[in-house]
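So the chains spell out like this:
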Amino acid sequence: MGSHAEDLPTPTTPAGREGLSAVLARPDRAVVALDFDGTLADIVPDPEQARAHPGAVSALAALAPKVAAIAVITGRPAGVAVRHGGFADVPGLERLVVLGHYGAERWDAVTGTVHAPAPHPGIHAVRAELPGVLDEFGAWHGTWIEEKGQAVAVHTRRAEDPQAAFESLRGPLGELAARHGLIVEPGRLVLELRPPGMDKGVALAEYVAELDAGSVVYAGDDLGDLAAFAAVEKLRTGGEGGIPGLLVCSGSGEVPELAERADLLVPGPAAVVDFLAALADRL
């Protein structure tokens, strides 16, 4: 893993360069927020086997004391992200925050506890009906259901034609979710049925406001990260010059919508880790 100051890449957009300059000028007012899967951890066929990149924790621990805060914002349950990331009890990460279920859950390293709402009643109903829906539409073979506590996800990555299975299920799962007061969050060959009202953009904007941050970096790889990208774009155009921000896209060959809006493209979690380490070195 490269970790030299000269390795810090230059954003390709004026807004991104302004965002990075603001972080470098006043790191004590900078929030660095990151998705987990596909950004800090490689995408794997079984999400239960996903783990943070081997250099991720050390890079985060080197950077965290130099900035206002680091937050991991993920669709996973907060506790699962903490375990799979190896984030607990790490020197340097005493103030890390993990916002799970798109911000509905919060884990703070300072207390080591997760604060979460009661499960939405629609989750239980969807969980019971989902196998029948998959069978009805001939999508049972090759797909599988991930239980996420506050949500339920259907993965198509193992199907014979993963993209075709993904597209064929968007409508039926959207109808199932709507019947029970839920929404569908599409991802990289995964469709997640979850409660409405919270997304990564809301979570990020609220956290930036909570800390009265002067700049923000957000790194993501998936469709669920579009809301966070939109939140940073909105912050950049706010009153009195806005809050400068840098948008980093992690290897999104599967998600061109995200890559097109990024200020900085890196080829995946290993490169995200290199970026974090280089930023820590520069600061």
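A separate point is the environment of Phe166. Turning to its location among the elements, Phe166 is positioned in helix α5 (residues 162–179). Among the residues examined, Phe166 registers a relative accessible area of 4% and is labelled buried. On a C-alpha basis, the gap between Phe166 and Leu8 in space is 37 Å, while along the polypeptide they are 158 residues apart. Setting aside residues up to four positions removed in sequence, Phe166 forms contacts with Thr156, Pro186, Gly187, Leu189, Val190 and Leu191.

Across the sheet, which stays open at both edges, the eight strands sit in the order β5-β4-β3-β2-β1-β10-β11-β12 with mixed pairing between neighbours. Two strands lie at the open edges of the sheet, namely β5 (113–115) and β12 (264–266), each paired on one side alone. Across this sheet, the average inter-strand angle for adjacent strands is 20 degrees, counted without regard to direction. Pairing analysis gives four bridges linking strand β3 (residues 97–100) to strand β4 (residues 105–108), with the strands arranged antiparallel. Pairing of Leu99 across the sheet is with Arg106, part of β4. Along the sheet, helix α1 (residues 14–25) makes contact with β1 (30–34), β10 (215–220) and β11 (245–250), crossing β11 at roughly 110 degrees. Against the sheet, helix α6 (residues 200–211) makes contact with β1, β2 (69–73), β3, β4 and β10, and its axis sits at roughly 165 degrees relative to β2, the strand it touches most.

Burial along strand β6 (residues 144–147) is one-sided: the face carrying Trp144 and Glu146 is buried and the face carrying Ile145 and Glu147 is not. As judged from the four bridges shared by β6 and strand β7 (residues 152–155), these two strands associate in the antiparallel manner. Paired with Glu146 across the two strands is Ala153, which belongs to β7. The antiparallel pairing of β6 with β7 creates a hairpin that spans four residues between the two strands, and Gly149 there sits at a positive phi of about 75 degrees.

What follows concerns the packing of helix α2 (residues 56–63) against helix α9 (residues 269–282). Remark: α2 packs on α9, axes separated minimally by 8 Å, with the N-to-C direction vectors making an angle of 25 degrees. As the angle between them shows, α2 and α9 are arranged roughly parallel. Between α2 and α9 the crossing geometry is left-handed. On the side of α2, the interface is formed by Ala56, Ala59, Leu60, Ala62 and Leu63, while α9 contributes Val273, Leu276, Ala277, Leu279 and Ala280.

With that settled, consider the sheet that holds strand β8 (residues 183–186). One open sheet accounts for four strands, arranged β6-β7-β9-β8; its pairing is antiparallel. Bordering the open sheet on either side are β6 and β8, each of which pairs with just one other strand. Adjacent strand axes in the sheet meet at a mean angle of 25 degrees when their direction is disregarded. Set on the sheet, helix α4 (residues 121–136) makes contact with β6, β7 and β9 (190–194); between it and β7 the angle comes to about 20 degrees. Packing of α5 onto the sheet brings it into contact with β7, β8 and β9, and relative to β9 it is tilted by some 5 degrees.

Procedures and definitions
- Residues numbered from 1 in each chain as written.
- Predicted model: local features only at pLDDT ≥ 70, side-chain atom pairs only at ≥ 80, totals over all residues.
- Heavy atoms only, no water.
- Helix = DSSP H or I, 4+ residues; strand = E, 2+ residues; numbered from the N terminus.
- Buried < 20%, exposed > 50% of the residue type's maximum accessible area, 1.4 Å probe, protein only.
- Contact = heavy atoms within 4.5 Å.
- Pairing = 2+ DSSP bridges.
- Axes fitted to C-alpha atoms, helices over the stretch in contact; angles between N-to-C directions.
- Parallel < 35°, antiparallel > 145°, perpendicular 65-115°, else oblique.
- Left-handed = near helix turned anticlockwise from the far one by under 90°.

So far we have only geometry, and geometry alone does not tell us how the molecule works.
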